[in-house]
Amino acid sequence: DVKVTQSSRYLVKRTGEKVFLECVQDMDHENMFWYRQDPGLGLRLIYFSYDVKMKEKGDIPEGYSVSREKKERFSLILESASTNQTSMYLCASSSSGQGADEQYFGPGTRLTVT
Amino acid sequence: GESVGLHLPTLSVQEGDNSIINCAYSNSASDYFIWYKQESGKGPQFIIDIRSNMDKRQGQRVTVLLNKTVKHLSLQIAATQPGDSAVYFCAEAKAAGNKLTFGGGTRVLVKP
């Protein structure tokens, strides 16, 4: 079974702090994604990566950056956390094979910025 | 612009009845559609998908219907069970790349 793990289930940070959210997948997937989930807004794509050291902006990249130094790990970075970044953050991965558009999600990290 | 939306934010269903969750999309270039189920405290889980060259696909107790003429997608759950209580998301993707655009979600509540 595909397993996507996220470093924390719950995180509380102060405004202005630098925050790292880690995601690891064990299926050798090429593609990895970071979303945030807010009530009534569904899932919105922040950044994604199709390969090691490669990143592309999603729909809402402002205030975030990412790092993909190894194939299995995709990190989301909040350089200076703000209260409007309080949200549920979901990581996903998928294979780049033909027909393999299904994304596998981690359990999520609920981040609160105070 | 492209968008994926849902008609009903909450759907209450009697146990044993069939459920129908609807989704509208606006991007006629989308090639791939997918339904996810998200239970409380968990990440979304894949239910079923369909490509634009099909209009119906069946899984175990679930059926996805695609009407490209009116840009409408639906998920039918047969004999709804308490374990089906969750939030359901539809998503679409263009043919190129693997980027999904998600709808806002519909909560399904199954009444015993």
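Summary of the structure given here. (Residues numbered from 1 in each chain as written. Chains lettered and ligands numbered in written order. Predicted model: local features only at pLDDT ≥ 70, side-chain atom pairs only at ≥ 80, totals over all residues. Heavy atoms only, no water.)

1. Describing the interface of chain B and chain A
At step 1: Contacts between chain B and chain A engage 18 residues on the former and 24 residues on the latter.
At step 2: Here chain B and chain A share an interface that buries about 1,600 Å² over both sides, 48% of which is from carbon and sulfur atoms.
At step 3: Joining chain B to chain A, the criterion identifies one salt bridge.
At step 4: In this structure, Lys99(B) and Asp59(A) form a salt bridge, with 3.2 Å as the shortest nitrogen-oxygen distance.
At step 5: Counting only elements with at least two residues in the side of chain B that touches chain A, the list comes to strand S4 (30–38), strand S5 (45–51) and strand S10 (100–102) of chain B.
At step 6: Residue contributions to the side of chain B that touches chain A peak at four residues, all from S4(B).
At step 7: Of the residues contributing to the side of chain B that touches chain A, the split by class is eight nonpolar, seven polar and three charged. (Contact = heavy atoms within 4.5 Å. Buried area = accessible area lost by both parts, 1.4 Å probe. Salt bridge = Lys/Arg side-chain N within 4 Å of Asp/Glu carboxyl O. Helix = DSSP H or I, 4+ residues; strand = E, 2+ residues; numbered from the N terminus. Nonpolar A, V, L, I, M, F, W, Y, C, P; charged D, E, K, R; others polar.)

2. Examining the sheet that holds strand S3 (residues 19–25) of chain A
All names here are of chain A.
At step 1: In spatial order, the strands read S1-S3-S8-S7; together these four strands make up an open sheet with antiparallel pairing. Looking at strand neighbours, the two that pair on one side only are strand S1 (4–6) and strand S7 (65–70), the edges of this open sheet. Recorded for the sheet is a direction-independent mean angle of 20° between the axes of neighbouring strands.
At step 2: Where S3 and strand S8 (residues 73–78) come together, six bridges link them in antiparallel fashion. (Pairing = 2+ DSSP bridges. Axes fitted to C-alpha atoms, helices over the stretch in contact; angles between N-to-C directions.)

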